[in-house]
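# Structural overview
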Amino acid sequence: MGVIIRQSIKNTVILYVGIIFGFISTILLFPRILTPAQYGLTRLLFSLSMVCIQFAHLGTKNIIIRFFPYFRDSRESRGRFFSAILLISFFGFLLFTAIYLLFKGRFLVYYSDNSPLFTQYYLFLIPMVFGILFFEVINNYIRALHDAVTGSFVHEVLLRALIIVMLVVYYYQLIPFVTFMIGFVGCYVLQPIFLLVSLYWRGDLTLSTPILQKRSKFLQGMGVYGGYSLLGGLTTLLVSNIDIIMLGAMMNLSNTAVYAIAFYVGSVIAVPQRSILKIATPVLAGLLKEKKYDEISSLYKRTSLNQIIAGSLLYIGIWANLHNLMDLLPAAYQGAQHIILVIGFAKLFDMATGINGGIILNSKYFRFNLYVNIFLVILAISANYILIPIYGILGAAIATTLSIVVYNTIKLVFVWVKFSMQPFEWNTPVVIAIAAACLILSFQIPYLVNLFVDVIVRSLSITIVFIGTILLFGLSEDVKSLVREIRRRTKLFLSP
């Protein structure tokens, strides 16, 4: 758990720096520099890319995490494994490109009426898929080496900084919109290049003839696992992005932009989850290989509790400052408050259920992940199809939340039945009650002077009361350790 905590702290720092950059780009720059339709185009391209890469990597993304422990001991075997992964992924990319170009006419007809701007830039999807695909594959290999920091820095900080530069250049009319889009997609293509350079500098970029010297039964097992994880992951990403994809087809890119802003703010709650899972998942794979179920159960509970604490603090902080957030956005983006709260609840529920997905996916029951995901896709598409015409972008948020809650409940019950594990302890409802009390108290604070003073005072008050109460009642040993570490480092920094 020490490795997880240390890298989670580093990841959290990086992710919060990324949040600052994301806030600058998503809240301050994108809505003011691009039209809603133009911003909606960038979000639609990203959502479509996330779905397409799940098909294009042909299961290699998850194979890396699951099977890397079998190749870790030898530099040569690591090189063969990595080379095979890259070749399979490149073949998958070529296959995606051929299918996309072959059926582009049938695909574009869904967007021609409500989102005509996308039909002008549909080819930009191909290089964007390439960049995100190989970033995900190479980053998972780096994560398997127990480095969850490098990929986070590239994706959360460097990528967003480059996009901010592109927005500023476009704002001063130094380039036309088409050049901005080329640069925007190019930022994603640069990500895997940065990771390869990082691997080379640290001496971990080993490439060898991809002949895996293992029994055919072992290779067959990798292939079966890759196939199931490909389909299972595809359905998961469909659920995560189907709302924006269907909004672009059923409404328009302007509505997609408003929803994307609200979705981004709601997703800030999941930042601690991302930092924890990036390192916890490879550790979990090793524990499952060695059948250390007591340690898995402990990891399950601690990650759930820590995610509930961090997620609850962020959720009530965002809720308490919604009025300030709305004051920052242009008039075209008003009315997103309810979407933020609904999406935020979905993210918080997902965090509370811990690493149940990782336990299933890295165990012998990985096939179950596909079956439940197929059901989830049907539910998500049906819910969006019914609710979007009735409630618009709020309907998409409700449909996404419903899907996430049902999905995680099924996985929670499955892990409980098959592994006799569940993530909750006596302190879980106590943390939730403390968060609710802090939120109610924040509503009693009157508006203070101006927006920025109000945000600082309101947020600090919530944080001090919430964390102080957690520490007072000793609800989390990891929070105690984190506070001690912060105090120690602060003393070292301030000491002469």
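The model shown is predicted, which means the values in this text are computed figures rather than measured ones. (Residues numbered from 1 in each chain as written. Predicted model: local features only at pLDDT ≥ 70, side-chain atom pairs only at ≥ 80, totals over all residues. Heavy atoms only, no water.)

Moving on, we come to the nonpolar core. Among soluble globular proteins, nonpolar side chains are generally buried collectively. In terms of nonpolar packing, the biggest core is built from 104 residues, with Leu 34, Leu 41, Phe 118, Phe 180, Met 181, Phe 184 and Tyr 259 touching the most fellow members. In terms of residues, this core owes the most to one element, helix H7 (residues 125–144), which gives 13 residues. In this structure, Leu 305, Ile 308, Ala 435 and Phe 466 belong to the second largest nonpolar core, which totals 17 residues. (Core = buried A, V, L, I, M, F, W, Y, C linked by side-chain atoms within 4.5 Å. Buried < 20%, exposed > 50% of the residue type's maximum accessible area, 1.4 Å probe, protein only. Helix = DSSP H or I, 4+ residues; strand = E, 2+ residues; numbered from the N terminus.)

Take unusual backbone geometry next. Even without a glycine there, the phi angle at Gln 173 is positive, about 60°. In this fold, Gln 173 is placed in the loop between helix H8 (149–171) and helix H9 (177–201). The phi dihedral of Ser 420 falls on the positive side, at around 55°, and the residue is not glycine. Along the chain, Ser 420 falls in the loop between helix H18 (393–419) and helix H19 (427–442). In this structure Ser 420 comes out as exposed when scored by relative accessible area, which is 64%.

Looking now at the packing of aromatic side chains. Working definition: an aromatic ring pair is given by the centre-to-centre distance plus the angle between the planes. Taken as a whole and judged by the stated rule, the model has 24 aromatic pairs. Between the aromatic rings of Phe 30 and Tyr 39, the centroid separation amounts to 4.7 Å while the plane-to-plane angle is 35°, which identifies the pairing as tilted. There is no split in this pair, since Phe 30 and Tyr 39 are both buried. Ring geometry for Tyr 365 versus Phe 414: centroids 5.7 Å apart, planes at 85°, classification edge-to-face. Of this pair, Tyr 365 sits in the loop between helix H16 (356–361) and helix H17 (366–391) while Phe 414 sits in helix H18; the two residues are 49 residues apart in sequence, bridging distant segments of the chain. Taking relative accessible area as the criterion, Tyr 365 reaches 24% and is therefore assigned partly exposed. Exposure remark for Phe 414: the relative accessible area of 13% places this residue in the buried category. Counting every residue linked through ring pairs, the aromatic cluster contains Phe 46, Tyr 121, Phe 124, Tyr 170, Phe 177, Phe 180, Phe 184 and Tyr 188. (Phe/Tyr/Trp six-rings, centres within 6.5 Å; stacked < 30°, edge-to-face > 60°.)

Summed over the entire model, instances satisfying the criterion amount to 2 salt bridges. We note a salt bridge from Glu 156 to Arg 160, for which the minimum N-O separation is 3.4 Å. Taken as a pair, Glu 156 and Arg 160 lie in helix H8 at a separation of 4 residues, close to a single helical turn. The class for Glu 156 is buried, based on a relative accessible area of 2%. Where Arg 458 meets Asp 454, a salt bridge forms, and the shortest distance between an N and an O atom there is 2.7 Å. Here Arg 458 and its partner Asp 454 are both found in helix H20 (residues 451–472), 4 residues apart, which amounts to about one turn of the helix. With respect to burial, Arg 458 and Asp 454 carry one shared label: buried. (Salt bridge = Lys/Arg side-chain N within 4 Å of Asp/Glu carboxyl O.)

Okay, the environment of Tyr 122 next. Take Tyr 122: it is sitting in the loop between helix H6 (116–120) and H7. Between the C-alpha atoms of Tyr 122 and Leu 108, which are 14 residues apart in sequence, the distance is 8.0 Å. Excluding anything up to four places from it in sequence, Tyr 122 contacts Tyr 100, Lys 104 and Leu 108. (Contact = heavy atoms within 4.5 Å.)

The terminal C-alpha atoms of H8, which comprises 23 residues, lie 32 Å apart, in line with the 33 Å expected from a rise of 1.5 Å per residue. Approximately 30° is the largest bend angle found in H8, and it occurs at Leu 158. Count one or two residues on from H8 and you reach Gln 173, which has phi positive near 60°. (Expected span 1.5 Å × (residues − 1). Bend = angle between axes of the 7 residues up to and from the residue.)

Here the focus is the environment of Glu 295. By secondary structure assignment, the location of Glu 295 is in helix H13 (residues 293–320). Counting along the chain gives 11 residues from Glu 295 to Leu 284, while the straight-line C-alpha distance between them is 9.1 Å.

Further remarks concern the packing of helix H2 (residues 36–56) against H7. The N-to-C vectors of H2 and H7 enclose an angle of 60°; their axes lie 9 Å apart at closest approach. Taken together, the axis directions place H2 and H7 in an arrangement best described as oblique. Both H2 and H7 take part in a crossing whose hand is right-handed. When H2 is examined against H7, the residues Leu 45, Phe 46, Leu 48, Ser 49, Met 50, Cys 52, Ile 53 and Ala 56 are found in contact with a partner set consisting of Leu 125, Met 128, Val 129, Ile 132, Leu 133 and Glu 136. In the contact of H2 with H7, the residues fall into 12 nonpolar, 1 polar and 1 charged. (Axes fitted to C-alpha atoms, helices over the stretch in contact; angles between N-to-C directions. Parallel < 35°, antiparallel > 145°, perpendicular 65-115°, else oblique. Left-handed = near helix turned anticlockwise from the far one by under 90°. Nonpolar A, V, L, I, M, F, W, Y, C, P; charged D, E, K, R; others polar.)

The subject of this paragraph is the confidence of the model for the protein. Summary statistics for the protein give a mean pLDDT of 82 and a share of 86% for residues scoring 70 or more. Within the protein, the lowest mean pLDDT, 67, falls on helix H10 (residues 216–250), and the highest, 93, falls on H9. (pLDDT = per-residue confidence, 0-100.)

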